[in-house]
Amino acid sequence: MNIRLLAKRNIQGNAQRYLAYFFSIVLSVSIFFIYASFIFHPDVVHANIPGGQLISRGLIAAEIVIIIFSVFFIAYSNAAFIQPRKKEFGLLTLLGMSKSQLRKLIYLEQTMVSLISILIGVGLGFLFSKLFLMTISWLLAVEQPISFVFVPEAFIYTIVGFILLFQLLSLFSLFHIGNAEVVDLLKDKQKPKKTPFVSKWLIALSAVCLSISYYLACTLSLNNSYIRVLPIVFFVLIGTYFLFSQSIVALCSRLYRKKKSLYGGTNLITQTNLIFNIKDYSRLFFLTSIITAVILTAAGTLFMFSADLKKQGMDNIPQSIGWVENDASIYSVIEPSAVENVLKEDGFKILYEVNMTGVPITHMLPHMRTGEPNENRSLLISESDYNNAAALRKIEPAKLSGKEALYIFPYGGLDYQFVHKGEQKELHFGNGTIQVTMVGQRNQSIVAPIKAATTLMVVDDQLYHEITADVPLKEMARVRGYEVKDWEESMETSSEIEQMSNNHNQLQTRAPIYQEMKQGSILILFIGLFVSLLFFIVQGSMMYLRVFTNLEDKKIQIHALHRLGLTKKEIRQILSAEIRILFFAPFLIGVIHAIVAYVALSNLLESNLFVYSSMVIATYFLFQLLYYQVTKKIYERAVINSIK
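Residues numbered from 1 in each chain as written. Predicted model: local features only at pLDDT ≥ 70, side-chain atom pairs only at ≥ 80, totals over all residues. Heavy atoms only, no water.

*Asks:* How do you make sense of the layout of surface pockets when you look at a structure like this?
*Replies:* Over the atoms, a rolled probe matching the size of one water molecule traces out where space is still vacant. One number sums up the size of the second largest pocket: a volume of about 690 Å³. Lining the second largest pocket are 24 residues, with Ile 232, Val 233, Ala 293, Thr 297 and Ala 597 sitting closest to its centre. Breaking the lining of the second largest pocket down by element, the ones donating at least two residues are helix 9 (200–218), helix 10 (225–256), helix 12 (267–307) and helix 20 (568–605). For the lining of the second largest pocket, the element with the most residues is helix 20, which contributes eight residues. (1 Å grid on protein atoms, 1.4 Å probe; cavity = no way out; pocket = protein on both sides within 12 Å on 5 of 7 lines; lining within 4 Å. Points joined across faces, edges and corners; volume = space filled by probe spheres on them. Helix = DSSP H or I, 4+ residues; strand = E, 2+ residues; numbered from the N terminus.)

*Asks:* What am I meant to see in the pairing of strand 5 (residues 424–429) here?
*Replies:* Note on strand geometry: in a regular strand, side chains alternate between the two faces of the sheet. The alternating pattern of strand 5 places Lys 425, Leu 427 and Phe 429 on a buried face, while none of Gln 424, Glu 426 and His 428, on the opposite face, is buried. Bridge count for strand 5 against strand 6 (residues 432–443) is six bridges, and the pairing is antiparallel. Bridge pairing links Leu 427 to Ile 434 in strand 6. In this antiparallel pair of consecutive strands, strand 5 and strand 6, the connection spans two residues, and Gly 430 shows a positive phi of 55 degrees. (Buried < 20%, exposed > 50% of the residue type's maximum accessible area, 1.4 Å probe, protein only. Pairing = 2+ DSSP bridges.)

*Asks:* Sorry if this is basic, but what is going on with the pattern of salt bridges here?
*Replies:* Side-chain pairing between opposite charges can occur once the charged atoms of the two side chains come close. Tallying each qualifying case throughout the model produces three salt bridges. The partner of Glu 353 in a salt bridge is Arg 480, with the nearest N and O atoms 2.6 Å apart. Linking Glu 353 in strand 2 (residues 350–366) with Arg 480 in strand 8 (residues 477–484), this pair joins segments that are 127 residues apart in sequence. Glu 483 serves as the salt-bridge partner of Arg 510, at 3.0 Å between the closest nitrogen and oxygen. In this pair, Arg 510 sits in helix 18 (residues 510–549) while Glu 483 sits in strand 8, placing the two residues 27 residues apart along the sequence. (Salt bridge = Lys/Arg side-chain N within 4 Å of Asp/Glu carboxyl O.)

*Asks:* I'm lost on helix 9 in this one. Help?
*Replies:* Every α-helix winds through 3.6 residues per turn, so residues three or four apart in the chain are directed the same way. Along its 19 residues, helix 9 runs 27 Å from first to last C-alpha, staying within 8% of the 27 Å computed at 1.5 Å per residue. All of the buried residues in helix 9 are Ser 206, Cys 209, Leu 210, Ser 213, Leu 216 and Ala 217. Summarising the axial view, the buried residues of helix 9 lie within an arc of 130 degrees, below the 170-degree limit, and thus occupy one face. Relative to its buried face, helix 9 has exposed residues pointing more than 90 degrees away, namely Lys 200, Trp 201 and Tyr 215. N-capping of helix 9 is provided by Ser 199, with a side-chain oxygen placed 3.3 Å from the backbone N of Trp 201. (Expected span 1.5 Å × (residues − 1). Arc of directions from axis to C-beta. Polar contact = N/O pair within 3.5 Å; in protein donor to acceptor, adjacent residues only side chain to side chain.)

Right, here's the structure in full:
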C-alpha cells in the first residue's frame, strides 16, 4: 500500500460524496471551454462574423463570472470534504503517517479528482461545441454557418487555467489540516454543540436592512437606478445574512418551546436537530438564497426583456415607418406616395397614417443631473393633432385651454420631471415669444422622436393658430408616419424604404431596430441561461455536499433511534424534513428577493410582468423539486441501508 493507491481508494470510497461536486466541475469546465472556443475562433478573431465581436465580449464577461464562482465553489467544497474526515486523518496520523504524507494524500486526492473533471469537461465541451456554433449561426442568421475548427487556445486556457485554480485552492486547504494536532482531529466530532446565541439587535438590523433594500428596489426608476443598485445589493446581503444567522434561529427556538407540537410524531427529533444545526446551516442558507435570487433575477430579467421586446419596440418607435421634414412645404426626405407604393407592392396593409405640422421652438429645461437650466428644442403642435395621433395609439387625450401647455417626453422608462404643473414657461419661435402655463408632462411617444420632433409641446388649438398665423410653411416641420400590419415581417421592405430616402437621419423604421434588439436579446438569453444553469447546479451541489458531510454521524444517530423503536417510515420522515428545510428555506427567501427585483423591473419597463415572473419561478421550483427528490432518495438509501 502506498499513498497514491490509498488516495485512489479514498476517492472510490467517497464516490457518493464526490458525485455532485464532480458533475458541477465538469459542467463548469465544459461551458468555459465552449465559450473559449467561440472567443478564439478564427472567424471571430478576424471579424468575419457579423455581431461576433459583440457576442465575444459577452462571453468573456461570462467566463470571468464562471471563474469567480468556481473559486468560491471549489474552496467551499474542499472545506466540506475535509471537515467530516478529520477523525480519519487523525487515525492515520496516530498510526504513523507524518504531516507531510497526510498533506500529500489530500493533495493527491484533490488533484486526481480535478484532473479527471477537467479532462471529461474539456472532452464534453469539445463534443458539444459544434452544436453551440450551429446554434449561434442560426441565432445570428449568417449566410454560411460558423465552421467547426480545432481551437488550441481554448484547450490551453481551459486546461491550464483550471489546473492552476485547483492547485492553488488545494494548497490553501492543506494548511488547516497540516497544523492541526492529532487530538484535535480525533475529537473534532466529539465537541458538543452549544445552543446558538441570538441577538435582538442583530434581528432588528436584519429587518431594517431588508426593509430599506425592498423600499429602494420598489421605488427604483431609470434616472435613480445607477445610484441605488449598490446600496440595494449591500442591504440585501447584510439583511439576508443576519436573517439566517439570527432571525431564523430565534424562530426555531420559539417553535422548540411549544411543547404540544414538539411531542407530536417525530417533531421532537426533527426540531432538536434543526435547532442545533441551524447555526451551521446559516452560512449555506445565506449563500444559496443569494444564488437563488441571482439566478431568478438574471434569468427572469433576460426572459422578461425578450418576451416584452415587441411592446417596448412599439412604445419607443410609435409608427412602423416615420420621418420628419424640416421644411413642411416640400418632401426632401422621401415622398409619401413612394412609401405607400412600396408597402402596397410588398403586400403590407397600412393601418393608419400620421400627418401633422408644427413650429420648432426653444425653451429652458433643467439638466437631469445638475438641475441647471439649459436651452432645449421641441416641436410645438396643436391639441387636435396630438389627440388625433394619441387616439390611434390608444393614449388618453389632452385637455387644454387658454395659454396652457403640455410637455411630451418620448421615453417612458425615464420618469424625470422636466416641467411641473403650474410652472410658467417662455416659448421662443422665430422672432416671437409667448408665455404658457404648464399642465404637466407625459413620458410617451405618439410620433417618431426624430430631430425637431424628439420632444413635443402641445397647446390649445386657438393659441396654436395665433402663433402659426404668420409663420410660413417652409419654416415649419412636418411629421409623417405609417403604422403597418405585421410590421415584424417588414425587414426587407423597411430596408428598401431606407435606401430610397435622401436623409437616413430623418427616417425611422421599427422592424430593423426590433429585429436587431430581438437577435441580441436572444443571444444574451442563450448565454445567460447557460450561466444560470451552472449556478443552479453549483448551488444544488453545495446543498448535496452539506447533506453528505454529516452522513456518518447521521447513520450513528439513526441506528440508535432505530434500536429505540423508530420505524423506517418514521426515519424517512425525519430525513425528508431535514433535507426539505435545507433545500426550500433558502429557496423561499431567494424567491422573495427575486419578486422584489421583478417589481423594480416592472416599474422600469412600465409593464405588468406577473405572468413572465411566475413562469420563471415555477420553472425554477420544478428543477429545485427534482434536485431535492434525487438527493433525498440517495441520502435515504445511504442512511437506511446502514441499519442492521
